Amino acid sequence: MHNIFPLVIRGRKVVGGIAEGEALVTRDRISGWGGIDPRTGTVIETRHELRGQSFAGKVLVFPGAKGSSGWSAMFHMTRLMNSAPAAFLFNEMTTKMALGAVVTHAPSMTDFERDPLECIATGDWVRVDADRGVIEITKKNKPGDRP
Amino acid sequence: MHLSDEEKAMYDGRDGPAVQKAMDLLMRYGEALGAERLVETRNVCATITSTTPFQRDFALAKGGGMDAVFSEFSLDSQETVEIPKFKVFTSHLQLGFDPGQPERMGVSEEIVQFYNKSERHAAGLGAQIMNTCTPYQVGNIPTRGEHCAWMESSAVVYCNSVLGARTNTEGRESTGAAMLTGRIPYWGYHLDENRRATHVVELDVEVESVQDWGLLGYYIGEHVQERVPVVHSKRGIGRVPNLPRLKHFGAAASSSGGVEMYHIAGITPEALTLEQALGGRAPVEVLRYGEAERRATYEKINATGKDAEVQYVMLGCPHYTIEQIWEAAQLIEGRKVHPDCELWIFTPRAIKSLADRNGYTKIIEDAGGILMTDSCSAMSRAVPKGTRTVALDSAKQAHYLPAILGVQAWFGSTAECVDAACTGRWNGGMQ
């Protein structure tokens, strides 16, 4: 049997809405101020796993936020510059993360029944329905996938 | 989230559209956190003014109005609303440049004019234009237990740990909403159970100088990340650390890790004893800080330092206290900054006026150094032209400047830094 049904994980809505896109996954926490370039949505922090990669339009899967209190302001800028992630999926709730997600207006979820860092790989297609608290993951290496 | 009658009235628009937008943001933010309610605050520290070309262009596109900038950047409201006077005491934090030294920092006249307009707007609404990362140096000293809404990691950790007041690391938009409503989500460090220590750091060495406290802070941040450490010594802490030491310690711990609250057993207000700091719980981990850990931390902070020639010496992160300026003035009096080097010392405006009056500014300027205000090199990304190597007495700046500007950094004592400024060479080393 081919796995024609996507993998479904449930979690808690942080910011409502529905979005889908390719996943960009990192086990490194992300800094806002000094960590990203809001013009392009690129991670700039030295020694970061995603250094040089852009999260613009991607479903960003990561442990959570770190660094300066400018986190929300920097991600707020990505929305105004059209380089924001399509959605945020993260594990650790902090004030930086919550406020940043709220002002980015991207559907966001946390408190998952299974760790998204274990279930999602970069390039997988992910549909986030934060209102229902459900994410659907289509692995990129299975038949019948969307690009 | 549960709202009081007063909060419901603000949410329903009784106090006008800006307050309504502020309540809407607090509701969205509180629900995102999973908070059950809001808490009253009358003490906000925030970035309000604008210093970037992007914000200038945004203001122009919206007809030049500063209310549009506040609506979007401080309230997350795409609709421009008229901003009323702030409801609670609000202190402005540091900026992206020193408005008194724009040329030195490479800032155009046009941006200075835009900044001046935005400062007048913020002051007109009731912001205290303190322009410092250390509001507790210049008149904003919250009381133990007071609920605050502060930005700036080094100020947050000082507020929670040294003063025993209560704040989370807020952002531009949540502090914007707090100014207009006097409310912030009741979550995180506002609650007793989150303020107890999770990690014990047992001292095996004396920690005395400002540099010692910086090294200890940097070590702790790396090891506990964003958890709550308690520093303990079986022999007792020794000499009580003063304002510059704790300011420097917290800033280091919040840059190498994300520490927002710490305890020092016998010293800080919620840790009269180790047991009180732990609140009856067993620590997650006990760390031992001895000579080997101190040396390893020193090497780590100095990892980018390679060349002996130093083109720039920066002092003051967080902003220097008057005690530190007095010390620097004594160290440099009668000496001259080397022609191939510059010395910039950053302090709050209010402290600079004290330094002017005390004659310290003149001593520093006569030696070829300069006292600057409102900003720092990490915020402004401004360093003297041709800077390849910097000497610093701040572990926090030694952490950020190589990452932000790609320069080499030497971290040492104030005396070593002043010496580097006068010789153009780094001669420091582990003491």
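Residues numbered from 1 in each chain as written. Chains lettered and ligands numbered in written order. Predicted model: local features only at pLDDT ≥ 70, side-chain atom pairs only at ≥ 80, totals over all residues. Heavy atoms only, no water.

1. A look at the overall build of chain A
So, step 1. Each helix and strand in chain A was counted, giving three helices and 12 strands.
So, step 2. What you see for chain A is a C-alpha radius of gyration of 14 Å, in line with the 15 Å of a compact globule of 147 residues.
So, step 3. Dimensions along the principal axes, computed over C-alpha positions, put chain A at roughly 50 × 30 × 25 Å.
So, step 4. Split into buried and exposed, the 147 residues of chain A put 57% on the buried side.
So, step 5. Contacts in chain A between residues far apart in sequence, at least 24 positions, make up 67% of those at least 6 positions apart.
So, step 6. Accessible area of chain A: about 6,200 Å², with a carbon and sulfur share of 49%.
So, step 7. The average position of the 19 basic charges and that of the 16 acidic charges among the side chains of chain A differ by 3 Å. (Helix = DSSP H or I, 4+ residues; strand = E, 2+ residues; numbered from the N terminus. Rg over C-alpha atoms; globule rule 2.2 N^0.38 Å. Buried < 20%, exposed > 50% of the residue type's maximum accessible area, 1.4 Å probe, protein only. Contact = heavy atoms within 4.5 Å. Areas by Shrake-Rupley, 256 points an atom, 1.4 Å probe, with all protein chains shown as cover. Lys, Arg positive; Asp, Glu negative; His and termini not counted. Charge placed at Lys NZ, Arg CZ, Asp CG, Glu CD.)

2. Details of the sheet that holds strand S13 (residues 370–373) of chain B
One key point about sheets: their strands pair by backbone hydrogen bonds, in either a parallel or an antiparallel sense.
Residues and elements named next belong to chain B.
So, step 1. With parallel pairing, five strands are arranged side by side in an open sheet as S13-S12-S11-S14-S15. At either margin of the open sheet sits one strand with a lone partner, and together these are S13 and strand S15 (408–411). The average angle at which neighbouring strand axes cross in this sheet is 25 degrees, direction not considered.
So, step 2. When strand S11 (residues 312–315) meets strand S12 (residues 342–347), the two strands line up parallel, connected through four bridges. Among the inter-strand pairings, Tyr 312 is bridged to a residue of S12, identified as Glu 342. (Pairing = 2+ DSSP bridges. Axes fitted to C-alpha atoms, helices over the stretch in contact; angles between N-to-C directions.)

3. Points about unusual backbone geometry
So, step 1. Each neighbour pair has its own omega, and for Cys317(B) with Pro318(B) the value is -10 degrees, a cis peptide bond.
So, step 2. For Pro318(B), the location among the structural elements is in the loop between S11 and helix H12 (322–332).
So, step 3. We note that Asp111(A) has phi near 50 degrees; this positive angle belongs to a residue other than glycine.
So, step 4. With respect to the helices and strands, Asp111(A) occurs in the loop between strand S10 (108–110) and helix H3 (116–119).
So, step 5. Residues other than glycine seldom take positive phi values, yet Gln225(B) does so here, at roughly 55 degrees.
So, step 6. Secondary-structure assignment places Gln225(B) in the loop between helix H8 (210–224) and strand S8 (229–232).
So, step 7. For Gln225(B), a relative accessible area of 33% gives the class partly exposed.

4. A few points about the interface of chain A and chain B
So, step 1. Counting residues at the interface gives 22 residues for chain A, matched by 29 residues for chain B.
So, step 2. Three residues stand out in chain A for area buried against chain B, namely Trp33(A), Ser69(A) and Thr95(A), and they jointly supply 28% of the buried area on that side.
So, step 3. On the surface where chain A and chain B come into contact, there are two salt bridges.
So, step 4. In this structure, Glu72(B) engages Arg79(A) in a salt bridge whose closest nitrogen and oxygen atoms are separated by 3.0 Å.
So, step 5. Counting every contact that joins chain A to chain B gives 10 residue pairs in polar contact (both at pLDDT 80 or more).
So, step 6. Looking at the side of chain A that touches chain B, the elements that each hand over two or more residues are strand S2 (12–15), helix H1 (71–80) and helix H2 (95–104) of chain A.
So, step 7. Among the residues forming the side of chain A that touches chain B, the class breakdown is 11 nonpolar, eight polar and three charged. (Buried area = accessible area lost by both parts, 1.4 Å probe. Salt bridge = Lys/Arg side-chain N within 4 Å of Asp/Glu carboxyl O. Polar contact = N/O pair within 3.5 Å; in protein donor to acceptor, adjacent residues only side chain to side chain. Nonpolar A, V, L, I, M, F, W, Y, C, P; charged D, E, K, R; others polar.)

5. Description of the sheet that holds strand S5 (residues 149–150) of chain B
Residues and elements named next belong to chain B.
So, step 1. In spatial order, the strands read S4-S3-S2-S5; together these four strands make up an open sheet with parallel pairing. The open sheet has two free edges, formed respectively by strand S4 (127–128) and S5, since each of these has just one partner strand.
So, step 2. Both strand S3 (residues 89–92) and S4 contribute to a ladder of two bridges, which runs parallel. Of the residues in S4, the one forming a bridge with Thr 90 is Ala 127.

6. Overview of the pattern of salt bridges
So, step 1. Tallied over the full model, the rule gives 34 salt bridges over all chains.
So, step 2. Across the pair Lys66(A) and Glu45(A) runs a salt bridge whose closest N-O atoms are separated by 3.0 Å. Separated by 21 residues along the polypeptide, Lys66(A) in strand S8 (residues 65–66) and Glu45(A) in the loop between strand S6 (42–43) and strand S7 (59–62) bring together distant segments of the chain.
So, step 3. For Lys66(A), a relative accessible area of 28% corresponds to the partly exposed category.
So, step 4. Between Glu291(B) and Arg294(B) there is a salt bridge, and its shortest N-O distance comes to 3.6 Å. Placement of the pair is Glu291(B) and Arg294(B) together in helix H11 (residues 291–301), with a separation of three residues, close to one helical turn.
So, step 5. Overlapping salt bridges, with partners in common, bring together Arg79(A), Asp24(B), Arg28(B), Glu72(B) and Asp76(B) in one network.

7. Examining the pairing of strand S14 (residues 389–392) of chain B
Regular strands place side chains that alternate from one sheet face to the opposite one.
All names here are of chain B.
So, step 1. Where burial is concerned, the two faces of S14 agree: the one with Thr 389 and Ala 391 and the one with Val 390 and Leu 392 are both buried.
So, step 2. Sheet topology note: the S11/S14 ladder contains three bridges and is parallel. Of the residues in S14, the one forming a bridge with Val 313 is Ala 391.
So, step 3. Direction of pairing for S14 relative to S15: parallel, over a ladder of four bridges.

8. Description of the packing of aromatic side chains
So, step 1. Counted by the stated rule, this structure contains 18 aromatic pairs over all chains.
So, step 2. Between Trp33(A) and Tyr400(B), the aromatic rings sit 5.6 Å apart at their centres with planes inclined by 65 degrees, giving edge-to-face as the arrangement. On the criterion of chain membership, the pair formed by Trp33(A) in the loop between strand S4 (30–31) and strand S5 (36–37) and Tyr400(B) in helix H16 (residues 395–405) is interchain, its members lying in two chains. Exposure class is identical for Trp33(A) and Tyr400(B). Each is buried.
So, step 3. Pairwise contacts between aromatic rings join Phe55(A), Phe62(A), Trp71(A), Phe75(A), Phe88(A) and Phe90(A) into one cluster. (Phe/Tyr/Trp six-rings, centres within 6.5 Å; stacked < 30°, edge-to-face > 60°.)

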